[in-house]
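# Summary of the model geometry
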Amino acid sequence: MFTGIITGVGRIAALHDLGSSLDHGKRLTIEAPPGYLDDAGLGDSIALNGACMTVTSLDLPQHRFTIDISVESLAKTSGLAEVGNRINLEKALRANDRLGGHIVSGHVDGIGKVTRFAQIGESWELRVMAPRELGKFLAYKGSITINGVSLTVNRVADSAEGCEFSINLIPHTVENTALGQLQAGSRVNLEIDTVARYVERMLSAGQINTPPLSA
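Residues numbered from 1 in each chain as written. Predicted model: local features only at pLDDT ≥ 70, side-chain atom pairs only at ≥ 80, totals over all residues. Heavy atoms only, no water.

### Some words on the environment of Gly 142
With respect to the helices and strands, the residue Gly 142 is situated in the loop between strand S8 (123-130) and strand S9 (143-146). When sequence neighbours within four positions are dropped, the list of residues in contact with Gly 142 reads Leu 151, Thr 152 and Val 153. (Helix = DSSP H or I, 4+ residues; strand = E, 2+ residues; numbered from the N terminus. Contact = heavy atoms within 4.5 Å.)

Structure representation (C-alpha cells):
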C-alpha cells in the first residue's frame, strides 16, 4: 500500500534478460538517492513509477537495488524498460505514516498519453488522454495517480478517443518527481482511485449476467 507521495527519484542503471525467450521478464537495477535504501530490506515493496515491485537484492554502498519484472507487467506499464530513465520511487506505507496523498495500491490500471505539458504562470498544466474504459473513474477534484504521483483532477472531457483530463502541477512537484521530464506524446502509468473502483462495482453489480467462476 502506498500514498502517491514520491520519496525519491531513481534511475534505471541496468536491464538484464531473465531468460532467452520472449516469455521471460527482466531484471532491473535501480540507482536510488544516497541514503534512500538505509531502511530497506530484501522483499520490501517499492513502487517504481506507480508499479509495486519487490526488492530482490541490495547494494547499499552503490545505492542500488534490483527488482524482477514479468513480461505481463512490462506490457501493462510504461517507463520501466529503458536504461537511463528517471523514475519515481515510493517505499510502502507504514501503519504509523501520514497519509499525505490518497490510498494507492501500486497496481497500474492503464497507460495514458500526455497531450499537453506547458508552464502557465508559476505552475504547469498536464493533460493526459486516458483509455475510454477508465473515464468513468475520473471526476472533477477526484484523485488520480500518474507515474506513482497522487494528483487532483481539474477538468475532465470525454470523447471518442478516450477521456482527457487536466492536472495542475506546482513547482515543488515538478522539481521533486520525474514528471518534469514529460512531454506531449509521453506514455504514463495510471492508477484510478480505490474508492471510485468500489463505487463503480457497487453501482454495476447485478446489471450484467456473467457465468459463475469455475471451481
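Now that the structure is up, let's keep going.
### A few points about the pattern of salt bridges
For the coordinates displayed, the defined rule picks out 11 salt bridges. Between Asp 68 and Arg 27 there is a salt bridge, and its shortest N-O distance comes to 2.7 Å. Residue Asp 68 is located in strand S5 (residues 64-69), and its partner Arg 27 is located in strand S2 (residues 26-31); the two are separated by 41 residues in the primary sequence. Overall, the relative accessible area of 36% leaves Arg 27 in the partly exposed class. Of the charged contacts in the structure, one is a salt bridge between Asp 39 and Lys 91, with a shortest N-O distance of 2.8 Å. (Salt bridge = Lys/Arg side-chain N within 4 Å of Asp/Glu carboxyl O. Buried < 20%, exposed > 50% of the residue type's maximum accessible area, 1.4 Å probe, protein only.)

### A few points about the sheet that holds S5
Within a sheet, each strand pairs with its neighbour through backbone hydrogen bonds, oriented either parallel or antiparallel. Reading around the barrel, the six strands line up as S1-S2-S5-S4-S3-S6 and close back on themselves, with antiparallel pairing between neighbours. Strand after strand, the sheet turns through a mean of 45° between neighbouring axes, direction not considered. Bridge count for strand S3 (residues 45-48) against strand S4 (residues 51-59) is four bridges, and the pairing is antiparallel. Looking across to S4, one finds that Ile 46 is bridged to Met 53. (Pairing = 2+ DSSP bridges. Axes fitted to C-alpha atoms, helices over the stretch in contact; angles between N-to-C directions.)

### Thoughts on unusual backbone geometry
Residue Lys 141 is not a glycine yet carries a positive backbone phi of 70°. Despite not being glycine, Asn 147 shows a phi value in the positive range, around 50°. Tracing the sequence through the fold places Asn 147 in the loop between S9 and strand S10 (149-158). Judged by relative accessible area, which is 7%, Asn 147 ranks as buried.

### Description of the environment of Val 9
Here Val 9 is to be found in strand S1 (residues 8-17). A C-alpha to C-alpha distance of 4.8 Å links Val 9 and Asn 88, two positions 79 residues apart in sequence. Sequence-distant contacts of Val 9, defined by excluding residues within four places in its chain, comprise Pro 33, Arg 86, Ile 87, Asn 88, Leu 89, Asn 176, Thr 177 and Ala 178.

### Topic: the pairing of strand S11 (residues 163-169)
Of all seven residues making up S11, five are buried, and the element is well covered by its neighbours. In this structure, S8 lies alongside S11, joined through seven bridges in antiparallel fashion. The residue bridging Leu 126 from the neighbouring strand is Ile 167, located in S11. Across five bridges, S10 lies against S11 in antiparallel orientation. Across the sheet, the residue bridging to Arg 155 is Ser 166, located in S11. Between S10 and S11, which pair antiparallel in sequence order, lie four residues.

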